[in-house]
Amino acid sequence: MFPKHKRIKNKKLIDEMRKPFCELCRKRTNIEPHHVNTVGSGGGDIPINLIQLCSECHIKAHSGLIKKETCEHMIAMREGISYEEVHRLNRKAMGYDV
Ligand SMILES: [Zn+2]
Ligand SMILES: [Zn+2]
């Protein structure tokens, strides 16, 4: 469904995903979308790979202070599916054989 090596940012999807608050700490300032699996590493512009973070949580997510698993748990709750499913679908979107 998603071409493996396409690196186009899906602006519309990101706008649709945009929540007015940080999905981790619920702060309402400086909110930006974060790819759980970076686009550079093959992560897709798909809802289960995107989370809205405030600039502080965003920095923590990139420095490893906030774990990828934590983001995937939040996405799982938001999407109403299990963490395992989020993890599996993200890996699949990245082209892994899961
Ligand atoms: Zn935050
Ligand atoms: Zn990010």
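Placed above this text is the structure.
Our subject in this report is the structure included herewith. (Residues numbered from 1 in each chain as written. Chains lettered and ligands numbered in written order. Predicted model: local features only at pLDDT ≥ 70, side-chain atom pairs only at ≥ 80, totals over all residues. Heavy atoms only, no water.)

A closer look at the coordination of the zinc ion (ligand 2)
Here is step 1: Donor atoms from the polypeptide that bind the zinc ion (ligand 2) are His34 (ND1), His58 (NE2) and His62 (NE2), placed at 2.0 to 2.1 Å.
Here is step 2: Each donor residue of the zinc ion (ligand 2) belongs to the same chain, with the gaps between them written as H-x23-H-x3-H. Taken together, the positions of His34 in strand 1 (residues 31–35) and His62 in helix 2 (residues 55–63) put the pair 28 residues apart, joining distant regions of the chain.
Here is step 3: According to the relative accessible area criterion, His34 is buried, its value standing at 5%. (Donors = N, O, S within 2.8 Å, 3.2 Å for Na, K, Ca; no water. Helix = DSSP H or I, 4+ residues; strand = E, 2+ residues; numbered from the N terminus. Buried < 20%, exposed > 50% of the residue type's maximum accessible area, 1.4 Å probe, protein only.)

Here we look at the coordination of the zinc ion (ligand 1)
Here is step 1: Protein-derived coordination of the zinc ion (ligand 1) comes from Cys22 (SG), Cys25 (SG), Cys54 (SG) and Cys57 (SG), at a distance range of 2.3 to 2.4 Å.
Here is step 2: For the zinc ion (ligand 1), the four donor atoms in the first shell make angles of 105 to 118 degrees at the metal, a pattern classed as tetrahedral.
Here is step 3: The sequence motif formed by the donor residues of the zinc ion (ligand 1) is C-x2-C-x28-C-x2-C. (Tetrahedral: all angles 85-135°; square planar, octahedral: opposite > 155°, others 65-115°.)

Focus: the pattern of salt bridges
Any two side chains of opposite charge can pair, on the condition that their charged atoms come close.
Here is step 1: Summed over the entire model, instances satisfying the criterion amount to four salt bridges.
Here is step 2: With a shortest N-O distance of 3.0 Å, Arg78 and Glu23 are connected by a salt bridge. With a gap of 55 residues between them, Arg78 in helix 3 (residues 68–79) and Glu23 in the loop between helix 1 (11–17) and strand 1 connect regions that are remote in the sequence.
Here is step 3: Classification of Arg78 as partly exposed rests on a relative accessible area of 22%.
Here is step 4: Of the residues examined, Glu23 reaches a relative accessible area of 3% and is grouped as buried.
Here is step 5: In this structure, Glu85 engages Arg88 in a salt bridge whose closest nitrogen and oxygen atoms are separated by 3.7 Å. A residue pair is termed a helical-turn pair when its members lie 3 or 4 positions apart in one helix, as Glu85 and Arg88 do in helix 4 (residues 83–93) at three residues.
Here is step 6: What you see here is one network of salt bridges that share partners, running through Glu23, Arg78 and Glu79. (Salt bridge = Lys/Arg side-chain N within 4 Å of Asp/Glu carboxyl O.)

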